[in-house]
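Coordinate analysis (summary)
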Amino acid sequence: MVIAAWIIIVVLFLVGIAGAVYPVLPGALAIYAAFFVYGFMIGFEPFGVWFWLIQTTIVAILIVADYAVSAVGAKKFGGTRASVIGSTIGILIGPFVIPVAGLLIGPFLGAVVGELIVGTEFRQAVRAGIGALVGFFSGLVVKLVLQLLMIVLFIIWIV
């Protein structure tokens, strides 16, 4: 039972880390679910109130940061709501249309197309696309760091 639990936990951790890159995967929620798998299959004894408060706070920050960082990136480069919406659509669709490269092209093209649809001049639309890309990468770094922190705290807590 312990070996099965650890296999599930590791798979959930990997899905969580992959979710930082591919937004269609659950990300932080998969990592959070791994804690419950550990609890139900091995035991909740190592976890206390502080563990759950810290981990839940990190998950909440991740959920907010996931949307806010990309939007801030597009806005800093002069983008409007249209580039934020377009970038979000591009992030979701890009990896399916163009595997791997879609992660880079999707948010950029989505922001550019979003701006062009509302009548923004091409040069400014491209600038907003660059901002969306910068925001995407900034968010990616933040998510990876915080998700790795969740995993490290879990390991420290159970050892």
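Heads up: the structure comes first, above all this text.
Structure report, in brief. (Residues numbered from 1 in each chain as written. Predicted model: local features only at pLDDT ≥ 70, side-chain atom pairs only at ≥ 80, totals over all residues. Heavy atoms only, no water.)

**What to know about the overall build of the protein chain**
Put simply, the test is: Numbering of helices and strands runs from the N terminus; a helix is a DSSP stretch of H or I covering at least four residues, while a strand is a stretch of E covering at least two. The classification of residues rests on relative accessible area computed with a 1.4 Å probe and restricted to protein chains. Under 20% of the type maximum is buried, over 50% is exposed, and intermediate values are partly exposed. Between two residues, a contact is recorded if the distance between any of their heavy atoms is within 4.5 Å. Shrake-Rupley sampling with a 1.4 Å probe provides the accessible areas, and residues are treated as covered by the protein chains on show and by no other component. Under this rule, positive means Lys or Arg and negative means Asp or Glu; His and the chain ends count for nothing. Here the site of a charge means atom NZ of a Lys, CZ of an Arg, CG of an Asp or CD of a Glu.
For the protein chain, the count of helices and strands is 6 helices and 0 strands. Each helix and strand of the protein chain, placed in order from N terminus to C terminus, yields the pattern α-α-α-α-α-α. Across its three principal directions, the C-alpha atoms of the protein chain cover 60 × 30 × 15 Å. Split into buried and exposed, the 159 residues of the protein chain put 41% on the buried side. Sequence separation of 24 or more characterises 67% of the internal contacts of the protein chain that already satisfy a separation of 6 or more. Carbon and sulfur atoms make up 80% of the accessible area of the protein chain, which totals about 8,500 Å². Treating the 6 positive side-chain charges of the protein chain as one cloud and the 4 negative ones as another, the clouds have centres 11 Å apart.

**Here's the deal with the nonpolar core**
Rules: Remark: nonpolar core denotes a set of buried residues (Ala, Val, Leu, Ile, Met, Phe, Trp, Tyr, Cys) joined through side-chain atoms within 4.5 Å.
Formed by 22 residues in total, the largest nonpolar core has its most connected members in I9, F13, F35, M150 and F154. When residues of this core are traced back to their parent elements, those giving at least two are α1 (2–21), α2 (28–41), α3 (49–76) and α6 (122–158). Among the elements that line this core, the one with the most residues is α2, at 8 residues. If we skip the residues at most four places from it in the chain, F154 touches W6, I9, F13, F35, Y38, F47, F51 and Q55.

**A short note on the environment of G19**
Tracing the backbone through its elements, the reader meets G19 in helix α1. Classification of G19 by relative accessible area gives buried; the value is 7%. For the pair G19 and L140, spaced 121 residues apart in the sequence, the C-alpha separation amounts to 9.6 Å. For G19, the contacting residues outside a window of four places in its chain are L25, G27 and K143.

**As for the packing of aromatic side chains**
What counts, and what does not: Pairing of aromatic rings covers Phe, Tyr and the six-membered ring of Trp, with a centre-to-centre limit of 6.5 Å; geometry is then stacked below 30 degrees between planes, edge-to-face above 60, and tilted otherwise.
Throughout the structure, instances matching the rule amount to 24 aromatic pairs. On the basis of an interplanar angle of 85° and a centroid distance of 5.1 Å, the ring pair of F51 and W52 is categorised as edge-to-face. Each member of the pair, F51 as well as W52, carries the same accessibility label: buried.

**Let's talk about the packing of helix α5 (residues 102–117) against α6**
Put simply, the rule is: Here the axes come from fitting lines to C-alpha atoms, over the contacting stretch only for helices, and the angles between their N-to-C directions go from 0 to 180 degrees. Two helices crossing with the near one rotated counterclockwise from the far one by less than a right angle form a left-handed crossing, whereas a clockwise rotation gives a right-handed crossing. Put simply, Ala, Val, Leu, Ile, Met, Phe, Trp, Tyr, Cys and Pro go in the nonpolar bin, Asp, Glu, Lys and Arg in the charged bin, and everything else, Gly too, in the polar bin.
One can describe the packing of α5 onto α6 by two numbers: an axis separation of 8 Å at closest approach and a directional angle of 140°. As for the relative orientation of α5 and α6, their crossing is right-handed in sense. When α5 is examined against α6, the residues L103, L104, P107, F108, A111, V112, E115 and L116 are found in contact with a partner set consisting of F122, A125, V126, A128, G129, I130, A132, L133, F136 and F137. Classifying every residue of the contact of α5 with α6 by side-chain character gives 16 nonpolar, 1 polar and 1 charged.

**Re the environment of A18**
As for its placement among the helices and strands, A18 is situated in helix α1. A residue is classified by how much of its surface remains accessible, and A18, at 27% relative accessible area, is partly exposed. For A18 and L144, which are 126 residues apart along the polypeptide, the C-alpha to C-alpha distance reads 9.1 Å.

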